[in-house]
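Coordinate inspection notes
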Amino acid sequence: MPRLGHWLIIASALFLPRPGLAAEPIEGNWVNPHGSVVVTTGACRDALCGWVRWADGHATADAADAGVAHLVGTALLQDYHYRGPGRWSGYVFVPDKGRSFSSTIEQLDADRLKISGCLFRGWLCKSQIWTRQRG
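Analysis parameters
Residues numbered from 1 in each chain as written. Predicted model: local features only at pLDDT ≥ 70, side-chain atom pairs only at ≥ 80, totals over all residues. Heavy atoms only, no water. Helix = DSSP H or I, 4+ residues; strand = E, 2+ residues; numbered from the N terminus. Buried < 20%, exposed > 50% of the residue type's maximum accessible area, 1.4 Å probe, protein only. pLDDT = per-residue confidence, 0-100. Contact = heavy atoms within 4.5 Å. Phe/Tyr/Trp six-rings, centres within 6.5 Å; stacked < 30°, edge-to-face > 60°. Salt bridge = Lys/Arg side-chain N within 4 Å of Asp/Glu carboxyl O.

1. A closer look at unusual backbone geometry
Its identity as a non-glycine residue notwithstanding, arginine 45 has a phi of 55°, on the positive side. Relative to the helices and strands, arginine 45 is located in the loop between strand E2 (37–44) and strand E3 (47–55). Non-glycine residue aspartate 79 carries a positive phi angle of around 55°. Classification of aspartate 79 as partly exposed rests on a relative accessible area of 28%.

2. Digging into the confidence of the model for the chain
Here the chain shows a mean pLDDT of 86. Residues at 70 or above account for 81%. Scored below 50 in pLDDT, residues 1–22 shows 29 contacts in the model against residues more than four places distant or in partner chains.

3. What to know about the packing of aromatic side chains
On inspection of all chains with the given rule, the structure shows one aromatic pair. Where tyrosine 82 meets tryptophan 88, the ring centres are 5.9 Å apart and the plane angle is 65°; that geometry is what we call edge-to-face. Judged by its relative accessible area of 31%, tyrosine 82 is partly exposed.

4. Looking at the pattern of salt bridges
Going through the model one piece at a time under the given rule, you end up with four salt bridges. Linking arginine 112 and aspartate 109 is a salt bridge whose minimum nitrogen-to-oxygen distance equals 2.9 Å. Look at aspartate 109 and you get partly exposed, because its relative accessible area is 27%. Two residues, aspartate 111 and arginine 132, come together in a salt bridge whose shortest N-O distance is 3.6 Å. Remark: arginine 132 occurs in strand E8 (residues 123–132) and aspartate 111 occurs in the loop between strand E6 (99–109) and strand E7 (112–120); sequence separation between them is 21 residues. Overall, aspartate 111 belongs to the partly exposed group, its relative accessible area being 31%. Sharing partners across several salt bridges, the network here consists of Asp111, Arg132 and Arg134.

Shown next as structure tokens:
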């Protein structure tokens, strides 16, 4: 079992500012490019995760069609581990597809994340820019 020192290192890697990036941590509320989903990011075990905080009717219906009965509360960002300044790798759950994909997050600046999901370990990837929700 990790000692307290290990948890402090993990917390620093997740939430302290990175050189070259704005001083804001990656934790917070993030809106997808369509404005249809808001995800809250934060620590989960020794990783970074993100849960749906809010979804519009269209996103909720698409998820339900794929078998996701309750979109709000669903973990979209799963098991992301710090890979260097402003970079994480993990899995993204795509509700309207009903499955998870290998993924990376790149924090472009204090208010923008580039979230990429790939079908085959870095091949056939798709990316979106998510923005920080303010206020």
